[in-house]
Amino acid sequence: MVDQNKVTIKVNDNGPLRVTGLVELVDAVGNPFEHKESFSLCRCGGSGNKPFCDGTHKSIDFESAPRAK
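Every value quoted in this text rests on a predicted model; they were computed, and no experiment measured them.

Summed over the entire model, instances satisfying the criterion amount to 2 aromatic pairs. Consider the rings of F33 and F52, whose centres lie 5.9 Å apart with planes at 90°: the pair is edge-to-face. Highlighted residues: F33 in the loop between β2 (17-20) and β3 (38-41) and F52 in the loop between β3 and α1 (56-59), separated in sequence by 19 residues. For F33, a relative accessible area of 30% puts it in the partly exposed group. For the ring pair F39 and F52, a centre distance of 5.8 Å and an interplane angle of 80° mean the geometry is edge-to-face. Here the residue F39 occupies a position in strand β3, and F52 occupies one in the loop between β3 and α1, the gap between them amounting to 13 residues. A relative accessible area of 15% means that F52 is categorised as buried. Aromatic rings pair up to connect F33, F39 and F52 into one cluster.

Right, here's the structure in full:
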């Protein structure tokens, strides 16, 4: 059984942070961003749709694959 209240943030190799679950995403002053229950956040800094990923990491050869210890 899947916990409906669980939020997961997955660090994708060479790509975005994938957020799944019911979460509120707000800017620095507390204004909410509209999003679906699952969305990706930019990690490469190159997205034209920040804070969301637009796939730019693929064209700029972004590399990062951290592992939990």
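Bringing the pattern of salt bridges into the picture now. Side chains that carry opposite charge are capable of pairing whenever their charged atoms lie near each other. The full count for this structure, using the stated rule, is 1 salt bridge. For D13, the salt bridge identified is with R67, shortest N-O distance 2.8 Å. You can see D13 sitting in the loop between β1 (8-11) and β2 and its partner R67 sitting in the segment after α1, a full 54 residues away along the chain. You can call R67 exposed: its relative accessible area is 56%.

The next subject is the UniProt feature "domain: Iron-binding zinc finger CDGSH type" (unreviewed entry) in the chain. Here the UniProt feature "domain: Iron-binding zinc finger CDGSH type" (unreviewed entry) sits at residues 24-63. Annotated as residues 24-63, this span is 10% helix and 10% strand, and its ends, taken at the C-alpha atoms, are 28 Å apart.

The next thing to look at is a nonpolar patch on the surface. Together, V7, I9 and V23 make up an exposed nonpolar region whose accessible area comes to about 230 Å². For V7, a relative accessible area of 34% translates into the label partly exposed.

About the criteria used
- Residues numbered from 1 in each chain as written.
- Predicted model: local features only at pLDDT ≥ 70, side-chain atom pairs only at ≥ 80, totals over all residues.
- Heavy atoms only, no water.
- Phe/Tyr/Trp six-rings, centres within 6.5 Å; stacked < 30°, edge-to-face > 60°.
- Helix = DSSP H or I, 4+ residues; strand = E, 2+ residues; numbered from the N terminus.
- Buried < 20%, exposed > 50% of the residue type's maximum accessible area, 1.4 Å probe, protein only.
- Salt bridge = Lys/Arg side-chain N within 4 Å of Asp/Glu carboxyl O.
- UniProt positions renumbered as here; feature names shortened; annotations may be inferred.
- Patch = residues over 30% accessible without salt bridge, like charges linked within 9 Å, V, L, I, M, F, W, Y side chains within 5 Å.
- Areas by Shrake-Rupley, 256 points an atom, 1.4 Å probe, with all protein chains shown as cover.

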